Amino acid sequence: MLATRNLLSKQTLAVFSRPPASFVHHGDYGNWGNTNVAVVFSGCGWWDGTDVHEGVYTMYHLSRNGARFQMFAPNQQQMHVMDHMRKQPASGENRNVMTEAARFSHGQGAMQMQDLSKLDVNSFDAVIFPGGHGIVKNLSSFVKDGKDCKLHGDVEKVLKDFHRSRKPIGLASMAPVLACRVLPGIEVTMGYERDDSTRWGSWPHTSMVQAVKSMGARHNGRDPYEAHVDEKNRVVSTPTFMWETEYHYHYIFDGIGNMVKHVMRLSSK
């Protein structure tokens, strides 16, 4: 009986001494922490910054697939501040993109939001841009200038540096606009090329698809839960919230997940 108790005590101790299950899971591409990914935010909120769901889903899937990540945003004023209830510009408000994006931060030190001007391509294996209207308002002038838009200087530098270094670039919803403007001839997806509305959702931003095609990009139709991979240029894109839906957020979650997995795969080559 005493020997049995001692054996059970050792087994119990062994169980409690193991790391939590979340630390045991190392993802599909290498051990935890081998891949370091820069995530670029454009504010906080779908209508004037980074969409909250796309930003959080990106960090979740990076963590689940065993990557370390650092958050960046440009230290500049937003184009404007949107009232997300009324979906109208809020009068008399002026906010900083990096300060707003810091709402995604959790913790101190390395996990704090960093100035995009400090992003060094040599310190990272990949870069990801979650979507949201901040892409076309704060990281570029697309909302005003369309296909002839200009990119924020640091955004253009980051995209060109990662492309030149053959390091993967991940893009969600509206973010392909940025890469298509400065990396001619790449392949991307922004979903459907016409608004095939159903009771499940709609595609209200198809004019942006025509804009990236006019920039010289090759567009590939995909559903919101899918990702398209340009293996040659190492660009991975997913439509996510280019498709508007009231309830089916799991499609967005899965689209971001597929994009992240392919970014991780390409970064391991």
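The structure under discussion appears in the preceding block.
A short tour of the structure in this document, coming up. Quick caveat, the model's predicted, so the values are computed rather than measured. (Residues numbered from 1 in each chain as written. Predicted model: local features only at pLDDT ≥ 70, side-chain atom pairs only at ≥ 80, totals over all residues. Heavy atoms only, no water.)

**Concerning the overall build of the protein chain**
Helix and strand counts for the protein chain stand at 10 helices and 11 strands. Across the 269 residues in the protein chain, those meeting the buried criterion constitute 52%. Put simply, 73% of the contacts in the protein chain that link residues at least 6 apart link residues at least 24 apart. Accessible surface, the protein chain as shown: approximately 13,300 Å² in total, 50% of it carbon and sulfur. (Helix = DSSP H or I, 4+ residues; strand = E, 2+ residues; numbered from the N terminus. Buried < 20%, exposed > 50% of the residue type's maximum accessible area, 1.4 Å probe, protein only. Contact = heavy atoms within 4.5 Å. Areas by Shrake-Rupley, 256 points an atom, 1.4 Å probe, with all protein chains shown as cover.)

**Some remarks on helix α3 (residues 52-64)**
Under the 1.5 Å per step criterion, the end-to-end length of α3 is 18 Å for 13 residues, consistent within 8% with the ideal 18 Å. When we look at burial in α3, the residues that qualify are E54, G55, Y57, T58, M59, H61 and L62. The opening residue of α3, the one whose side-chain oxygen lies 3.0 Å from the backbone nitrogen of H53, is D51. Of the residues trailing α3, G66 is marked for its positive phi of about 85°. (Expected span 1.5 Å × (residues − 1). Polar contact = N/O pair within 3.5 Å; in protein donor to acceptor, adjacent residues only side chain to side chain.)

**Looking at helix α7 (residues 153-164)**
Over its 12 residues, α7 runs 16 Å from end to end, which matches the ideal 16 Å to within 8%, given 1.5 Å per residue. Buried residues along α7 sit against β6 (126-129), β7 (169-172) and α8 (176-182).

**Some thoughts on the pairing of β6**
Of the two faces of β6, both are covered, the one formed by A126 and I128 as well as the one formed by V127 and F129. Strand direction decides the pairing type here: strand β1 (residues 35-40) and β6, joined by 3 bridges, are parallel. From the neighbouring strand, V39 faces β6, where its bridge partner is I128. Summarising the sheet, β6 and β7 pair through 3 bridges and their orientation is parallel. Looking across to β7, one finds that F129 is bridged to L171. (Pairing = 2+ DSSP bridges.)

**Some details on the packing of aromatic side chains**
Under the counting rule described, the total for this entry stands at 9 aromatic pairs. Cluster of aromatic residues (ring-pair linked, three or more members): W46, F241 and Y249. (Phe/Tyr/Trp six-rings, centres within 6.5 Å; stacked < 30°, edge-to-face > 60°.)

**Considerations on unusual backbone geometry**
Even without glycine at this site, R166 takes up a positive phi of about 60°. Tracing the backbone shows R166 in the loop between α7 and β7. Taking the relative accessible area as the measure of exposure, R166 reaches 42% and is therefore partly exposed.

**Considerations on the nonpolar core**
Core analysis: the largest hydrophobic core is formed by 73 residues, its most contacted members being F41, L62, L119, F129, L159 and M259. A per-element tally of this core places helix α10 (residues 249-267) first, with 7 residues. Sequence-distant contacts of F129, defined by excluding residues within four places in its chain, comprise V40, L139, V155, V158, L159, G170, L171, A172, A175 and L178. (Core = buried A, V, L, I, M, F, W, Y, C linked by side-chain atoms within 4.5 Å.)

**A few points about the pattern of salt bridges**
Under the counting rule described, the total for this entry stands at 11 salt bridges. Taking the shortest distance from any N to any O, the salt bridge between K147 and D148 comes out at 3.5 Å. The exposure class of K147 is partly exposed, given its relative accessible area of 42%. Across the pair D161 and R164 runs a salt bridge whose closest N-O atoms are separated by 2.9 Å. Taken together, the residues span about one helical turn, with D161 and R164 both in helix α7 at a distance of 3 residues. D161 gets classed as buried once you look at its relative accessible area, which sits at 15%. In this structure R164 comes out as exposed when scored by relative accessible area, which is 59%. It is possible to trace a salt-bridge network through shared partners that takes in E93, R95, E100 and R103. (Salt bridge = Lys/Arg side-chain N within 4 Å of Asp/Glu carboxyl O.)

**Overview of the sheet that holds β1**
The 7 strands lie next to each other as β5-β2-β1-β6-β7-β11-β10, forming an open sheet whose pairing is mixed. Each edge of the sheet is formed by a strand with only one pairing partner; in this case those strands are β5 (114-115) and β10 (228-230). Sheet topology note: the strand β2 (residues 67-73)/β5 ladder contains 2 bridges and is parallel. The partner of A73 across the bridge, within β5, is D115.

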